[in-house]
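What the coordinates show
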Amino acid sequence: MGNTALLAIERAGRHAPFLRQLILRHPDIVACVEAGDAAGALARAGVADPDAAATGATGATAVGAALRWERQRLALAVALSDLAGLLPLEGVVRALSDFADRALDAAITAAISERYPGEPVRGFAALALGKHGSRELNYSSDIDPILLFDPETLPHRAREEPVEAAVRIARRVVELLQNREANGYVFRVDLRLRPSPEATPLALPIEAAISYYESSALPWERAAFIRARAAAGDIALGESFLSAIRPFVWRRGIDYGAVREIREISRRIRGHHAQGQRLGPGYDLKRGRGGIREVEFFAQIHQMIHGGREPALRIPATMDALAALAAAGRIGADEAAALEQAYRLYRTIEHRLQMVDDQQTHRLPRQIEALDNVAHLEGLADGEALVALLAPHVERVGAIYDLLGGGQSDGLPRDAEILEQRLAAAGFLDPAAACARIDAWRSGGLRALRTPAALDALEAVLPSLIEQLGRARDPNSALMRLDELVARLPTAINLFRLLEAQPMLGRLIGDVLVHAPTLAEALARRAELIDGLIDASAFECPPDLATLAAEFRKSEAGDDYQMLLDRVRARVSERRFALGVQLIEGASDPIAVAAGYARVAEAALATLARAAVTEFEAAHGRVPGGELLILALGRLGGGALTHASDLDLVFLFTGHFMTESDGRRPLGATQYFNRLAQRVTAALSVATAAGPLYEVDTRLRPSGVQGLLAVSVESFAEYQRSSAWTWEHMALTRGRVVFGSAAARAEVEAIIDETLRRPRDPAILAADAVKMRSDIAKHKPPSGPLDVKLIPGGLVDCEFCVHFVQLRHGIGLDPRLDVAIAACVEAGLLEPGFATAHRLLTRMLVTLRLVAPNNGEPAEVSRPLVARACDAADWDELLGAYEQARAIVAAEWRRIVELV
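Criteria and cut-off values
Residues numbered from 1 in each chain as written. Predicted model: local features only at pLDDT ≥ 70, side-chain atom pairs only at ≥ 80, totals over all residues. Heavy atoms only, no water. Helix = DSSP H or I, 4+ residues; strand = E, 2+ residues; numbered from the N terminus. Buried < 20%, exposed > 50% of the residue type's maximum accessible area, 1.4 Å probe, protein only. Contact = heavy atoms within 4.5 Å. Areas by Shrake-Rupley, 256 points an atom, 1.4 Å probe, with all protein chains shown as cover. Lys, Arg positive; Asp, Glu negative; His and termini not counted. Charge placed at Lys NZ, Arg CZ, Asp CG, Glu CD. Axes fitted to C-alpha atoms, helices over the stretch in contact; angles between N-to-C directions. Parallel < 35°, antiparallel > 145°, perpendicular 65-115°, else oblique. Left-handed = near helix turned anticlockwise from the far one by under 90°. Nonpolar A, V, L, I, M, F, W, Y, C, P; charged D, E, K, R; others polar. pLDDT = per-residue confidence, 0-100. Salt bridge = Lys/Arg side-chain N within 4 Å of Asp/Glu carboxyl O. Phe/Tyr/Trp six-rings, centres within 6.5 Å; stacked < 30°, edge-to-face > 60°.

With that settled, consider the overall build of the protein. For the protein, the count of helices and strands is 39 helices and nine strands. Summarising its shape, the C-alpha atoms of the protein cover approximately 115 × 75 × 60 Å along the three principal directions. Each of the 900 residues in the protein was classed as buried or not, and the buried ones make up 55%. If you take every contact in the protein between residues at least 6 apart in sequence, the share linking residues at least 24 apart comes to 73%. Accessible area for the protein stands at about 37,100 Å²; split by element, carbon and sulfur atoms hold 52% of it. The averaged location of the 116 negative side-chain charges in the protein is 2 Å from the averaged location of its 101 positive side-chain charges.

Laid out in structure tokens, this is it:
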């Protein structure tokens, strides 16, 4: 290490005049580096100037002098340790950034103490932005703080307004840091990142700053705060400000206006610094194509897209952010590695450029001799070697960054006659009406389209949207659904810029509007559902129940019960919408989608039931020895819902019905659990500001609508033994406890098992089943040939066959129909083709509930989608398979009817 360090010191002395002077002035720092002790060199940088006392400087003036002395020594320690390979890039930028924090804090403390002796440092804070905020300062960097003050706590004189005091403190801080004297300066300070710097004071009142960023900030300002942190002064004040504006920075809804603004800034930089775009002498490492700024912008764009929903991506440092984005699957691992390698090299060469004369430069010298000099400082042969070292990285970064851009649209014609012709060619049945609607948009007929920026965003995506909507069964209706969606937005800029930036997203929305009326209506109510489709995770099945429940339970500061209801509804809507899109796009098997719907519903039920119990217990206490249980029947019990399914629930409770709760407003057990069941039902079914959730059907409880909403487990057992009808036992075959303790679940499951395994007279069982099916056919006849649930040979007949076999033979007693059918087929009680028939009917039901929710035939354009979802080559093949499946089920049902 000694030889390496000596060579580095020699290169510094020969090729960097600034370092040459420091080497002569601070031999103790040089000695530490020669010994390979970077930590020692950095520590000695803070050793005070032995001649400081002789200057006679005191107070703030002495603080400024001490900081200038330390800055020179730190600059030498960092440079030599870097050149000798004793400090990695992370260590270099961290040492520089930490000193900036100390210097800024010392200057604030000195300025306040000088003007207000004895006053503590309170009510005045400095926010670090940019590379200072991310602790990535370069070797000869300025700092760009935003200074804030709290008028209520800032020290000030009796006849002095707080804003006047804050401005005086700010000016003194700047003077202490950037005044040049014998030992140079501490930092150049740029305060122009504050809002409207030409009109606002150097330090901003905190409430005014919060108001600005919440209501008036420009998109680039949001990006700037990705790397912001409270760095000096009243840290608590700075952190409270950042906490207040966090929703502005990290939005759950994607602000593609901000993303587009960053791209536009990048384009302007490329244009303004055109001479530095091409690699070679004069290349701008920071602003050139494929340079430092594009690596940083690439990371920040993806953080802005995903960080609102994924807090793990809110990482200020560029290389750390790239690693986090790759780990989360938001960018490719190869991309992250390439960008990280390039960034590390760029920043290293940037530091070499700045070490030469302590200048904040990012441009490779144009003169060959000067370029060779920088290369020699890095230990390279010459400038050509330096350019060759950079070349593959510059090309790779530029190519990666260029992929973020989108193509330009040719636009739609504005002449009404030509536009009508284009609309007719796209498939619109009433092109004149569609033309009138588009004209209304263009003339600002909707609030969301009353600004030039919104209209520009519309025009950019309108051609592709019209093409997509033209594929609908009724393109005019699809256009009106889009109109409803836009009408609910305060501004359409973000929506249309999102679609411009993500063309595939436009296709997805077009598919929703064309094929899935239910999803289109949901999208019209909540445009932010689009945000959930921006990455590949939208096309993955929901996670396991525990993970979903944890996601739904996740709270935010200040949440109450009502906020929880709203948040769960929002998250469930996002999950259900994504599942529907998966089905429409053919990304998931409808059977897997049905299971996903069920997991989402069960997780929501568990979350809201637990919250309702907690809320109820706060008022009424607990019933000693008692707890609420929820038994799911029907499709939820079987773990396979459709998008339109309601929840069939039975509420039970343990313990003795005479027991009383122990809260400040006690209730008897029966009243307690019945009121709690009502609370849970309302939590699941009542529409809030966030919209509806699930319809809840409790008619399958003991004694039906005539019975109590919640009954004791003991009463439930007795009812099943002595009073339940056969059809109630058939419903119980899909019973599954979805809420309650393990012990209580086991108790109810034992009751269900005993009930279902009871010996039965086959003739009576068959007669009861046939009568029940006949009653259903009489009161709920099929609504059409594709009513796969109620049509003869459909899913109801299929379920009756299975339940009959389960109750007669005690085989296949599993609430999941596919598992039960497999057991019955294996036992020879159902023919082998029955399982295939059930799967086809299930896929058709789940798909048609989205594509043709009224049980009619799907539109011609949607039939290939339905066929694909059901594993058929085309619509005709699907209809043939449907008839075969119905025939298999009908044959099984006839065998039961013949027993009567």
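Moving on, we get to the packing of helix α34 (residues 762-779) against helix α35 (residues 795-809). Relative orientation of the contacting elements α34 and α35 amounts to 160°, with a least axis distance of 11 Å. Classified by the interaxial angle, the pair formed by α34 and α35 is roughly antiparallel. Taken as a pair, α34 and α35 cross one another with a handedness that is right-handed. The residues of α35 that touch α34, namely those facing P762, L765, A766, A769, M772, R773 and I776, are V796, D797, F800, F804, L807 and R808. Tallied by class, residues from the contact of α34 with α35 come to 10 nonpolar, no polar and three charged.

What follows is about the confidence of the model for the protein. Chain-level statistics for the protein give a pLDDT mean of 89 and a share of 94% at 70 or above. Counted against residues more than four places away or in other chains, residues 406-410, with its pLDDT under 50, gives three contacts.

What follows covers the pattern of salt bridges. If you walk through the whole model with that rule in mind, you get 48 salt bridges. Across the pair D28 and R73 runs a salt bridge whose closest N-O atoms are separated by 2.5 Å. Separated by 45 residues along the polypeptide, D28 in helix α3 (residues 27-34) and R73 in helix α6 (residues 59-83) bring together distant segments of the chain. Judged by relative accessible area, R73 falls into the buried class, the value being 3%. When salt bridges with common partners are traced through the structure, they connect K131, E136, R227 and E296 into a single cluster.

This brings us to the packing of helix α36 (residues 817-826) against helix α37 (residues 833-851). One can describe the packing of α36 onto α37 by two numbers: an axis separation of 9 Å at closest approach and a directional angle of 165°. Looking at the two axes, α36 sits roughly antiparallel to α37. Both α36 and α37 take part in a crossing whose hand is right-handed. On α37, the residues that touch L817, D818 and I821 of α36 are F834, A835 and H838. Looking at the contact of α36 with α37 residue by residue, the classes come out as four nonpolar, one polar and one charged.

Attention shifts here to the environment of G735. If you trace the backbone, G735 turns up in the loop between α32 (726-732) and β9 (736-739). Given a relative accessible area of 12%, G735 falls into the buried group. Taking C-alpha positions, G735 is 59 Å from A128, a pair spaced 607 residues apart along the chain. Those residues in contact with G735, other than ones at most four positions away along the chain, are L631, A632, L633, I752 and P815.

Inspection of the secondary structure assignment puts P590 in helix α28 (residues 590-620). Between the alpha carbons of P590 and L579 there is a distance of 9.3 Å; along the sequence they are 11 residues apart. The contact partners of P590, leaving out residues within four places of it in the chain, are L583, R843, V846, T847 and A869.

Going through the model one piece at a time under the given rule, you end up with 10 aromatic pairs. Between F225 and F241, the ring centres sit 6.2 Å apart and the planes meet at 55°, which makes this aromatic pair tilted. With F225 in the loop between α11 (219-224) and β4 (229-233) and F241 in helix α12 (residues 235-249), the pair connects residues that are 16 residues apart, well separated along the chain. Residue F225 is classed as buried on the basis of its relative accessible area of 5%.

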